[in-house]
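# Tertiary structure, described
Single-letter residue listing:
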Amino acid sequence: MRLSTLRHACRNLPTPSVHQPRTGVRVFGLAKSSLPLGPSSNSQLLLRAASSVSGTTSAEKAPKLGKQTDGPGYENTIRENVQRTKEEMVALQRGHPALKPTLAIIQADEDDRLLELNKKMAGKIGLNVTQICLPRECTEDEIIEEVLKLNEDPRVHGVYLHLPPASLTSRVLNTLRPEKDVDGVSDLNVGRLVRGDMNQGFIPPLANAVMELLARHDTPMEGRTVLVVGGEGPLGVALQCLMQRRGMVVLHSRRSSEVLQKQANAVVLLAAGHMDVPPTWLRPGTAVIHCGSALMTDHGMEMSGVGPLTAALRMQNVVQSSSRWAQGQQYRPWTLRSLKLQPLSPVPSDIEISRAQTPKPVDQLAQEIGLLQEETEAYGRTKAKVRLSLLDRLREQPDGKYVLVAGITPTPLGEGKSTVVIGLVQALSAHLKLNSFACLRQPSQGPTFGVKGGAAGGGYAQVIPMEEFNLHLTGDIHAITAANNLVAAAIDARMLHEATQKDKALYSRLVPSVNGVRRFSPIQIARLRRLGISEIDPSALMPQEVSSFVRLDLDPAKVTWQRVVDTNDRFLRKITVGQASTEKGHVRETQFDIAVASEIMAILALADGLGDMKTRLGRMVVGSSRSGQPVTAEDLGVSGALAVLMKDAIKPTLMQTLEGSPVFVHAGPFANIAHGNSSVLADKLALKLVGEDGFVVTEAGFGADIGMEKFFNIKCRASGLRPNVVVLVATVRALKMHGGGPNVSAGSPLPREYIDENLSLVVKGCSSNLRKQIQIAHLFGVPVVVALNVFKTDTQAEIDLVCQMAKESGASDAVPCHHWARGGRGSVELAQAVKQAGSQPSHFQFLYSQETPIVEKIRMIAQKVYGADDIELSPEAQAKIDYYNQQGYGKLPICMAKTHLSLSHLPEKKGTPTGFTLPIRDIRASIGAGFIYPLVGTMSTMPGLPTRPCFYDIDLDPVTEEITGLF
């Protein structure tokens, strides 16, 4: 809106008082300032009174305008404003002790007297001040660069541009973030003033000061005629609006005019230079307010009068800005707008459904769920990283309800836990109007291009855009791959250099001389401390200390760290490295794992912050020395570099469902040798955002015997969070398999038993596997709701039978779910059941104590969860247990590496196997992640591609750039 338009618009505004009401703003008070900071008006406000006796206007009887005479009670006006602002500061800091209201001043003006006045006034109020000094001839771009920095600095609450008039261009003023524009001169703030919306805007201090002075004059405000000379800019528009709201008649002129001034009761001179007004031009009792040069030494005036009032009102705006900032840090109620679904029958392909929906811009979604602008980092239009500073901001906010979605023992096809999570959240948000968040794992590209396809849900219960969800997303898995392989490269390089160099040469290269000075890096100093060496002067180490420092002495046969790649590549399961002649015969066998099997992925999922992640990365054990001592990533000197590679990956990614409900996508640990759950951080952020009455729904990998058990014993132990409800996903298909149905294979047609109604198989499956999985959840004291994921081949009799038997087996409720075909509307019954179960008390408990010995922890899981009679340790496993106990790792939780296709260690054993002994062939440790994982049977950490992988169907249209074939 142009300023001329604004000037016209403000003629018809209502007439509020000069001091705008501070709706919703608390009264603040004073705190002592300690730092320097600053907006802009290089003008000084001066009031001069012109008067005459008995109506005469001769120069002899009127005071000369070269002298200033303050208006009545002027000093009191300043004192009252300062005192009021001090009180506001006191109240503000009483409620927010850590808040330090701060004014930033960008200065490019040779005259420091007005600047010092503002700094002095800030000190009286108790504001911190910081000052950025630029040369007077600085360019517009240089000013904007500094403004942009201050815009992003959360410690700065107001910015004062103390610049020459020529530098205060529209581009500069409108670069300043409106909430920090305490001089109120940006277009947005002027527009707010014109519209009468001052909840977020500011009255320009100079304009406000003029109104204060006019209010002190004897003549009533309403009906007074005021001549404003030279008011073309934002200040003139603001002043006109304020005057018209007080019922004044405003006249305009570009220059002083005898005719106009004789009509006016008051004259306000807004021109930059000093303008003399001959007394003979003025009516008796006319007030003249000069808003020109701040210091008019050519007329012998000192800096007194209106300058302090303008500065005081500017500081009042800074305090008000600080108050608004503090209020903005509080929890914000959601304003979530759901997206409409129009399900079709038959249900189209997943990618067709995804493309038919237009997602909300991610910044809009973030605003709807109460995120601040500075808390998100957009990756395109539909996804964004969320900063962990949110946890500090909402530290006192109560958590919402915590819901875990697990499943019965699945078929190789999977039973749809992800679709249940999404359908449930859509039902809670879009249909029950409850704040709810889905927390999902990021899918690996290996299965996406292999046999399983994507993991964005399915049908009308999906995360969108599903192509972005299933492919690179925000690059977290790539960051993990880079970090993991940096460790692998460091291991082999270190072994080579130690084997080919003497201690002295190795030391001189590890601690090189730079500009004639040798220094240890902080990471090297940490290693010295671990070795018990207190010396930090590289030249002062004894030969034995040098040897201990430079030699990790890794045993090539005991290196446990593998390289990773996010592709199913079976020929990397066993490889030989070091065959080039440059490696001098240092050949060894190793292997590649799938990227999500990296310990770094498990660390990402369990860390509760950047500092915790860095610590965990440093203590990862990569192998053992020849003397049997563990060697860590910190010993290699790589821990800091790993944290750098992972600094963005630690932030969860925000996306949305088909119905516009929020989703956090973060981490995806391999569920066989890690805990197989999304991140602790995503859950914690979501629990704060949904509020006390909201719901966070997260998913555990594989069946309840694996994913849920690890969620409780590992993830909940790390996070300190306690679940309120378990949703146990079942399908008629899986229950028939556990009831004795034929084998189910991915890529092969389903046998007739799974298509036709067969109540007998359903009964047997419910009596065995479903009942057992409900019992497992009850071991941890959490209520269970069974969600029957309905397929189109399921009959009503089968559906009713499953729900009935689930309740008889101890479930709080059991409901059929039709989210795949109907979206959230098809899971409303499940949402209501979860809400009801969440209102019941949860008596959560761990299965075992951390103090329990390793062997007993394994035995308790095998017997109480899997139903085994006992465990059998191989000699290698027993030796590892002894070693881990010796190293002090005995208190770590257990993460069983076992097939997900059976409660036992044998995939072909369906239902609820009994009478078996669980063999533990080996035991390994993820010290950084913080668990020990026993290996049960043969576990592959690198999947292979089938004869016909999914990539046969995946293609790209080079014209539209549309992806086809994902499912």
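Structure: see above.
Residues numbered from 1 in each chain as written. Predicted model: local features only at pLDDT ≥ 70, side-chain atom pairs only at ≥ 80, totals over all residues. Heavy atoms only, no water.

## Focus on the pattern of salt bridges
Note the following rule: The salt bridge criterion pairs a side-chain nitrogen of Lys or Arg with a carboxyl oxygen of Asp or Glu, the two atoms within 4 Å. Only protein chains enter the accessibility calculation, which uses a 1.4 Å probe; a residue is then buried when its area is under 20% of its type maximum, exposed when over 50%, and partly exposed in between. Secondary structure counts use DSSP, requiring at least four H or I residues in a row for a helix and at least two E residues in a row for a strand, with both numbered from the N terminus.
A complete count under the given rule lists 43 salt bridges for this structure. One salt bridge connects Asp153 with Arg155, and the closest N-O pair in it is separated by 3.0 Å. Arg155 sits in the exposed class, given a relative accessible area of 61%. Between Glu377 and Arg387 there is a salt bridge, with its nearest N and O atoms 2.7 Å apart. You can see Glu377 sitting in strand E9 (residues 376-378) and its partner Arg387 sitting in the loop between strand E10 (384-386) and helix H13 (389-393), a full 10 residues away along the chain. By relative accessible area, Glu377 is classed as buried at 19%. Through salt bridges that share partners, Glu377, Arg387, Lys647, Asp648 and Lys651 make up one connected network.

## Describing the sheet that holds strand E23 (residues 630-632)
We apply this condition: Whether two strands pair depends on DSSP finding at least two bridges between them. As a rule, the C-alpha atoms of each element are fitted with a line to give its axis, helices using only the stretch in contact, and angles between N-to-C directions run from 0 to 180 degrees. Any pair of residues with heavy atoms lying within 4.5 Å of one another is described as a contacting pair.
If you walk across this open sheet you meet the three strands as E17-E22-E23, and the pairing is antiparallel. Of all strands in the sheet, those with a lone pairing partner are strand E17 (554-559) and E23, marking the two edges. Taking the axes of each pair of neighbouring strands and ignoring which way they run, one obtains an average angle of 50° across the sheet. Taken together, the three bridges between strand E22 (residues 621-625) and E23 define a ladder with antiparallel strand orientation. For Ser624, the partnering residue across the bridge sits in E23 and is Pro630. With respect to the sheet, helix H17 (residues 476-500) is in contact with E17 and E22, its orientation differing from that of E17 by roughly 130°.

## Brief notes about the nonpolar core
For the record, the criterion: Remark: nonpolar core denotes a set of buried residues (Ala, Val, Leu, Ile, Met, Phe, Trp, Tyr, Cys) joined through side-chain atoms within 4.5 Å.
Ranked by internal contacts, the top residues of the largest apolar core, which has 141 residues, are Phe437, Leu654, Phe664, Phe712, Leu770, Val786 and Leu918. Apart from the residues lying within four places of it in its own chain, the contact partners of Phe712 are Leu404, Arg717, Pro723, Val726, Phe780, Val782, Phe844 and Phe846. One finds Val182, Val226, Met248 and Val318 within the second-largest nonpolar core, a separate group that totals 48 residues.

## Comments concerning the pairing of strand E12 (residues 436-440)
A regular strand carries its side chains on alternate faces of the sheet. Burial within E12 is extensive, with five of its five residues counted as buried. Going residue by residue along E12, you find Ser436, Ala438 and Leu440 tucked away on one face and Phe437 and Cys439 tucked away on the opposite face as well. As judged from the four bridges shared by E12 and strand E26 (residues 695-699), these two strands associate in the parallel manner. Opposite Phe437, over in E26, you have Val696 as the bridge partner. Sheet topology places E12 next to strand E25 (residues 662-665); three bridges connect them, and they run parallel. Residue Leu440 lies in a different strand from E25, and its bridge partner there is Val665.

## Quick look at the environment of Leu847
Assignment of secondary structure puts Leu847 in the loop between helix H31 (828-838) and helix H32 (854-866). For Leu847, a relative accessible area of 9% corresponds to the buried category. Once the C-alpha coordinates of Leu847 and Phe780 are considered, the two residues, 67 residues apart in sequence, prove to be 6.6 Å apart. Sequence-distant contacts of Leu847, that is, excluding residues within four places in its chain, are made with Asn713, Leu779, Phe780, Met860, Ile861, Lys864 and Val865.

## Quick look at the side chain of Glu415
In plain terms, the rule: Residues adjacent in sequence count toward polar contacts only when both atoms are side-chain atoms; beyond that, a polar contact is any pair of N or O atoms within 3.5 Å, and within protein one must be able to donate a hydrogen and the other to accept it.
Along the chain, Glu415 falls in the loop between strand E11 (401-407) and helix H14 (417-431). By relative accessible area, which is 6% here, Glu415 ends up buried. Among the polar contacts listed, one links the side chain of Glu415 to the side chain of Thr411, at a separation of 2.6 Å. Beyond its immediate stretch of four places on either side in the chain, Glu415 contacts Pro410, Val729, Thr731, Arg733, Ala734 and Asn789.

## What about the packing of H17 against helix H21 (residues 599-606)?
What counts is decided by this rule: Our angle categories are set so that under 35 degrees counts as roughly parallel, over 145 as roughly antiparallel, 65 to 115 as roughly perpendicular, and the remainder as oblique. Crossings are assigned a handedness: left-handed for a near helix turned anticlockwise from the far helix by less than a right angle, right-handed for a clockwise turn.
Where H17 contacts H21, the axes come no closer than 9 Å and their chain directions differ by 125°. Judged by the inter-axis angle, H17 sits oblique to H21. Of the two elements, H17 crosses H21, and the hand of that crossing is right-handed. Touching Ile477, Ile480, Ala483 and Asn484 of H17 are Ile600, Met601 and Leu604, all from H21.

## Considering unusual backbone geometry
The omega torsion across Ser345 and Pro346 is 0°, close enough to zero to call that bond cis. Cis geometry is adopted by the peptide bond preceding Pro465, which originates at Ile464 and carries an omega value of -5°. Inspection of the secondary structure puts Pro465 in the loop between strand E14 (461-464) and helix H16 (466-470). Unlike most non-glycine residues, Phe702 shows phi in positive territory, near 55°.

## A word on H14
Applied cut-off: Helix span, as expected, comes to 1.5 Å for every residue beyond the first.
Relative to the 21 Å expected for 15 residues at 1.5 Å per residue, H14 spans 20 Å between its end C-alpha atoms, a close match to the ideal helical length. Most of H14 sits out of view: 14 of its 15 residues are buried. Among the residues trailing H14, Lys433 stands out with phi positive, at a value near 60°.

## A look at helix H6 (residues 187-195)
In an α-helix, one turn spans 3.6 residues; hence positions three or four apart end up facing the same way. Residues of H6 that are buried include every one of Asn189, Val190, Arg192, Leu193 and Val194, and no others. After H6 finishes, the residue Gly196 shows a positive phi value of roughly 85°.

## Here we look at the state of the cysteines
Heads up, the condition is: By disulfide we mean two sulfur atoms from cysteines, separated by a distance within 2.5 Å.
Across all of its chains, the model carries zero disulfides by this definition. Here Cys817 stays free of any disulfide, with the sulfur of Cys803 as its closest cysteine sulfur at 8.4 Å. Given the relative accessible area of 1%, Cys817 is considered buried.

## With respect to the side chain of Asp593
Which entries qualify depends on this criterion: Neither His nor the chain ends is counted toward charge; the positive residues are Lys and Arg and the negative residues Asp and Glu.
Relative to the helices and strands, Asp593 resides in strand E21 (residues 592-594). It is Arg924 that comes nearest to the buried, bridge-free Asp593 among opposite-charge side chains, at 6.8 Å. Within the local environment of Asp593, its side chain forms a polar contact with the side chain of Gln591, the two groups lying 2.8 Å apart. If we skip the residues at most four places from it in the chain, Asp593 touches Gln562, Arg563, Val564, Val565, Thr941 and Met942.

## Overview of the packing of aromatic side chains
Stated formally: In summary, the pairing rule links any two rings of Phe, Tyr or Trp, Trp by its six-membered ring, whose centres are within 6.5 Å, and it sorts them by plane angle into stacked for under 30 degrees, edge-to-face for over 60 and tilted for everything else. Whether a charge lies above a ring is judged from NZ of Lys or CZ of Arg, which has to be within 6 Å of the ring centre and within 35 degrees of the ring normal.
The tally for this structure, following the rule as stated, stands at 13 aromatic pairs. Relative to Tyr933, the ring of Phe931 lies with its centre 6.5 Å away and its plane at 70°, an arrangement referred to as edge-to-face. Judged by relative accessible area, Phe931 falls into the buried class, the value being 0%. For Tyr933, a relative accessible area of 12% puts it in the buried group. Three or more aromatic residues joined by ring pairs form one cluster here, namely Tyr402, Phe711, Phe712, Phe780, Phe844 and Phe846. A cation sits over an aromatic face here: Arg314 above Tyr160, 4.1 Å from the ring centre.

These figures capture arrangement, not role.
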